[in-house]
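# Summary of the model geometry
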Amino acid sequence: MNRRPDDMVRITTPELADAFIEEQIKALREQIGDKKVLLALSGGVDSSVVAAMLIKAIGDQLVSVHVNHGLLRKGEPEQVIEVFRNQLKANLVYVDATDRFLDKLAGVAEPEKKRMIIGNEFIEVFAEEARKLDGIDFLAQGTIWPDILESEHGIKAHHNAGGLPEDMSFELVEPIKILFKDEVRIVGERLGLPHGMVYRQPFPGPGLGVRCPGAITRDRLEAVRESDAILREEFAKNGLEGKVWQYFTVVPDFKSVGIKEGKRADEWACIIRAVNTKDAMTATVENIPFELMEHLVERITHEVPGINRVLYDFTPKPTGTIEFE
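So, a few notes on the structure that sits alongside this text. (Residues numbered from 1 in each chain as written. Predicted model: local features only at pLDDT ≥ 70, side-chain atom pairs only at ≥ 80, totals over all residues. Heavy atoms only, no water.)

Time to look at helix 6 (residues 145-152). Those residues of helix 6 that sit buried are Trp145, Asp147 and Ile148. End-on, the buried residues of helix 6 take up no more than an arc of 165°, which puts them together on one face. (Buried < 20%, exposed > 50% of the residue type's maximum accessible area, 1.4 Å probe, protein only. Helix = DSSP H or I, 4+ residues; strand = E, 2+ residues; numbered from the N terminus. Arc of directions from axis to C-beta.)

Printed below as a string of structure tokens:
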């Protein structure tokens, strides 16, 4: 099935999700037979659901490659290994390419150039891993229905399908391409993926690279990662986790004078952003309770090395974008 049928009932219940899974597993087994399938497993919702479905359908005929580019959030590579290798017994290739990515990004401040380096390097690493494997005929992708609609309407290039070198030709396997995002999440839960993975907030492909404006340095990247982990922890504790669409921290490349332990401290500022949106075309800013804000400031300035100020971004979209870059 290449198109979402006009009369398809929106998947809103476990029963509908189970029926979809059953139908897809049958179709996948027919399509793949006894061949092998390759998947770039980012740990995001779409690729994780595709991985879980394929593991159910064809077991270790699926080879999942998780490339850690060093720009993931705290605990994410570990979660991918725990869920897929340890719990689902996936055939998982884990590549820690942190040094390789950060060395390439050293001194590069221009946002589009950073994105290009990260995207191109990812394809390079993935292609290198693919070449080490024998007898792969299929490439699985986490394409979903909005990706197809947006690329058809010229809103954005359909990033999933392209990019691999020309000598590598695979037949595509796209088991969730007729689903909307909310349906993907319900299917993911029925496949046994953890709630935190299925309902995690949107995360850009270049990861924390876009939240470290200016040339990325390891210490500033670590400050973004640690402050983001504190923000996520506190939002979860205070009931904001499912209520706010996207929230994160940004640590720009400028310093200001502060005082730490009675001494002058030239350190970075951490910017908190928390927005709500229905369609990502416009976004409003979340009103964070002042006491929570004070607590966040206290924790981030005392627990994250190199940060002496915390700012809150009050800008809606427009005029700002959702990400801060």
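We are not done yet, so read on.
Moving on: the sheet that holds strand 3 (residues 91-96). Taken in spatial order, the five strands make up an open sheet running 3-2-1-4-5, and their pairing is parallel. Each of the sheet's edge strands pairs with one partner strand only, and the pair in question is strand 3 and strand 5 (171-173). Each adjacent strand pair in this sheet contributes to an overall mean axis angle of 30°, direction not counted. (Pairing = 2+ DSSP bridges. Axes fitted to C-alpha atoms, helices over the stretch in contact; angles between N-to-C directions.)

A separate point is the pattern of salt bridges. Overall, the coordinates contain 28 salt bridges when judged by the stated rule. Taking the shortest distance from any N to any O, the salt bridge between Lys181 and Asp46 comes out at 3.0 Å. One end of the pair, Lys181, is in helix 7 (residues 181-190); the other, Asp46, is in helix 2 (residues 45-58), and 135 residues separate them in sequence. Among the ionic contacts, a cluster of salt bridges with common partners joins Glu233, Glu234, Lys237, Arg299 and Glu303. (Salt bridge = Lys/Arg side-chain N within 4 Å of Asp/Glu carboxyl O.)

Quick look at the packing of aromatic side chains now. Under the definition given, this model contains three aromatic pairs. Between Phe235 and Tyr247 the ring centres are 4.4 Å apart and the planes differ by 35°, which places this aromatic pair in the tilted class. Of this pair, Phe235 sits in helix 9 (residues 218-237) while Tyr247 is found in strand 6 (residues 246-250), placing the two residues twelve residues apart along the sequence. Each of the two residues, Phe235 as well as Tyr247, counts as buried. With a centroid separation of 4.9 Å and an interplanar angle of 85°, the aromatic rings of Tyr312 and Phe314 are classed as edge-to-face. (Phe/Tyr/Trp six-rings, centres within 6.5 Å; stacked < 30°, edge-to-face > 60°.)

Taken by themselves, the reported measurements are silent on function.
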